[in-house]
Amino acid sequence: MEFVPPTLVHRVLCADCGTPIEPNSANLCIPCLRNSVDVTEGIPKSASINYCRNCDRFLSPPATWTIAQPESRELLAICLKKLKGLNKVRLVDAGFIWTEPHSKRLRVKLTIQKEVFTSTIVEQVFEVEYVVQHGQCPDCTKLAAKNTWQAVIQVRQKVSHKRTFLFLEQLILKHNAHKDTVSIKEVKDGLDFYYAHESHAQKMVEFLASVVPVQTIRSAQLISRDTHSNTANYKFTHSVQIVPICKDDLVCIPAKQARSLSNISPLTICSRVGNTVHLLDPSTLQETDVTSPVYWREPFSALASVTDLVEFIVLDIEPSGVVKGKHVLADAEVAPANSFVSKSGNDADMDMDSHHGSLDTTYHTRTHLGGILQPGDTVMGYWLTRSNFNSTAFESLDSSRIPDVILVKKSYPNRRKKSKQRNWKLKSMAKEAEEGAGINESGGYGRGALGRRGGLDQKKVERDYEIFLQSIEEDTDMRAAINLYKGQSLRAPAVSTNEMDTGKSRAAGSSKKKGMAAQFAMDVDEAPAGAADASETATEDGRGRGRLPRVKLDELLDDMEELAIHDEEE
């Protein structure tokens, strides 16, 4: 193998310290080069960064406010934008140096490179300290001033109840559609949503149109105008009208319009309301969807609502074999529930109208509830023979084709008492300070954004809310569309047991008992839901026919806000 001598490297002495180095254009070693040339010149070693404590956003130059977590890439990008002179050097690396969270200081370590002489590049590491200055962003400044808004959405529904808005509130909470709302106020027939920007109101209108059938009208009011810069300040108003038809309402469609809707029977019931109105003919199981443009072209109103339902007892039921989805067509024989109530001497003298008709009359009808009804069950329906409707469409119908009774939904007369607390709860959306925030003893969960107008007709609000809660328990599709949270009843036994055992352990001074108490509390925490529902269901009906609808434990979510509060207290 032939020996290859290494290439000779010529070296020169450093002009400052005399250290042998490879030749370069400056004839200086690296330490001397760093001492003579500062590549960080022109880059500030300290700066300030603006932070809004109300919305947790940082100011990203020049005028953008961005949400950024501590030591995140977004916050690092904001910090680098605050430095002048970085465009003259090459940024190699950047990262945060840990500081105390309450110090209001951010330390960033930067590594940069710069060509100081021909073919001579110097790399240097240095630190920049940022001072976090607290203030208010323009949006929070507008929120601090009262009645400062740019757009308002007026949501209205011309009905006598508030159940639609109770359900709409839960949909808004689930999809977090109210995150940009400045304030929410209740008015006579609906709610008003205020926004600081027109774009936020447009997003809310699009969300409402995707969940309920609405009609939207937009208007603008000129507030001020600058003729020199050709700019103007407007306030926008969006009028959103919800279709005045709700679930389980009795609807009579005009004959001409019924023929255009798949030739369905004019007398129908509303089975569901989404972004369209779903109508069902209970005598044939025929269904049709009424979209918002079709409805507002020829609007019609409901003949009766759920408050007009009458209680009936099922005497006999025979399925006809026609099945469509969850609906089963059946022939049913029913009688008013008053027929089976014993009367005293004074009650026997009551007039017929107090009992809605003759007590010994039975009615034959067709229903879509053949899959869930059995003889002896209680069902709610509309008693057409004892009703008087002010509707030209209903008067034009053939009297021989109008059924005596239209059954709507199964009823549970042995429903839980009001004094018994449910194992689930709903969240509230409106929390204005001027309206009392709607916070009750259960920690802000209650009637939602409704029933706050100075206590007007509180009994009616309570009744509508109770009907809404019962509808959630009975309808699985409705429960799937909203978020249900675990109530206090699921945690009460665990808290009481933990407190009792903790008191014993303190008296005895033993840490072993504390561990046993905690273990026992965890076991109790998961037990009450299924046990309470099972015992409640068993006592309602020994045969298992009229079992109450219940909300399963796996359908409930943990309230993270409440859990965080408990953790801080512990």
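About the criteria used
- Residues numbered from 1 in each chain as written.
- Predicted model: local features only at pLDDT ≥ 70, side-chain atom pairs only at ≥ 80, totals over all residues.
- Heavy atoms only, no water.
- UniProt positions renumbered as here; feature names shortened; annotations may be inferred.
- Helix = DSSP H or I, 4+ residues; strand = E, 2+ residues; numbered from the N terminus.
- Contact = heavy atoms within 4.5 Å.
- Buried < 20%, exposed > 50% of the residue type's maximum accessible area, 1.4 Å probe, protein only.
- Pairing = 2+ DSSP bridges.
- Salt bridge = Lys/Arg side-chain N within 4 Å of Asp/Glu carboxyl O.

- The protein chain goes by 60S ribosomal export protein NMD3 in an unreviewed UniProt entry, where it is assigned to Serendipita indica.
- UniProt annotates the protein chain under Sequence similarities (unreviewed entry) with the comment "Belongs to the NMD3 family."
- As recorded by UniProt, the Function (unreviewed entry) comment attached to the protein chain reads in full: "Acts as an adapter for the XPO1/CRM1-mediated export of the 60S ribosomal subunit."

1. A closer look at the overall build of the protein chain
Part 1: Broken down by element type, the protein chain carries 15 helices and 26 strands.
Part 2: When contacts within the protein chain are restricted to residue pairs at least 6 apart in sequence, long-range pairs at least 24 apart make up 64% of them.

2. Examining the environment of E555
Part 1: Here E555 shows up in the loop between α14 (528-540) and β26 (556-557).
Part 2: Overall, the relative accessible area of 30% leaves E555 in the partly exposed class.
Part 3: Residue contacts for E555: discarding those within four places in its chain leaves R479 and L484.

3. Quick notes on the pairing of strand β19 (residues 310-324)
Consecutive residues of a regular strand have side chains that alternate between opposite faces of the sheet.
Part 1: Where β19 meets strand β22 (residues 378-383), four bridges bridge the pair, whose relative direction is antiparallel. Counted as the bridge partner of V310 is G381 from β22.
Part 2: Pairing analysis gives nine bridges linking β19 to strand β20 (residues 327-336), with the strands arranged antiparallel. Bridged to F312 within β20 is P336.
Part 3: Linking β19 back to β20 in an antiparallel pair, the connection comprises two residues, with G325 at a positive phi of about 70 degrees.

4. Some details on the environment of D180
Part 1: You can see D180 is positioned in the loop between α4 (163-175) and β10 (181-187).
Part 2: Counting along the chain gives 16 residues from D180 to A196, while the straight-line C-alpha distance between them is 8.0 Å.

5. Thoughts on the pattern of salt bridges
Part 1: A complete count under the given rule lists nine salt bridges for this structure.
Part 2: For D331, the salt bridge identified is with R366, shortest N-O distance 3.1 Å. Placement of the pair is D331 in strand β20 and R366 in strand β21 (residues 363-367), with a sequence separation of 35 residues.

6. Some details on the sheet that holds strand β24 (residues 424-425)
Part 1: Read across the sheet, three strands follow the order β24-β25-β26 without closing on themselves; strand pairing throughout is mixed. Both outer strands of the open sheet, β24 and β26, are each paired with one neighbouring strand and no more.
Part 2: The pairing of β24 with strand β25 (residues 484-486) spans two bridges and is antiparallel. Along β25, the bridge assignment pairs W424 with K486.

7. Re the side chain of Q257
Part 1: Mapped onto the elements of the fold, Q257 is located in helix α6 (residues 255-260).
Part 2: With residues up to four places along the chain from it excluded, the contact list for Q257 reads V294, E298 and F300.

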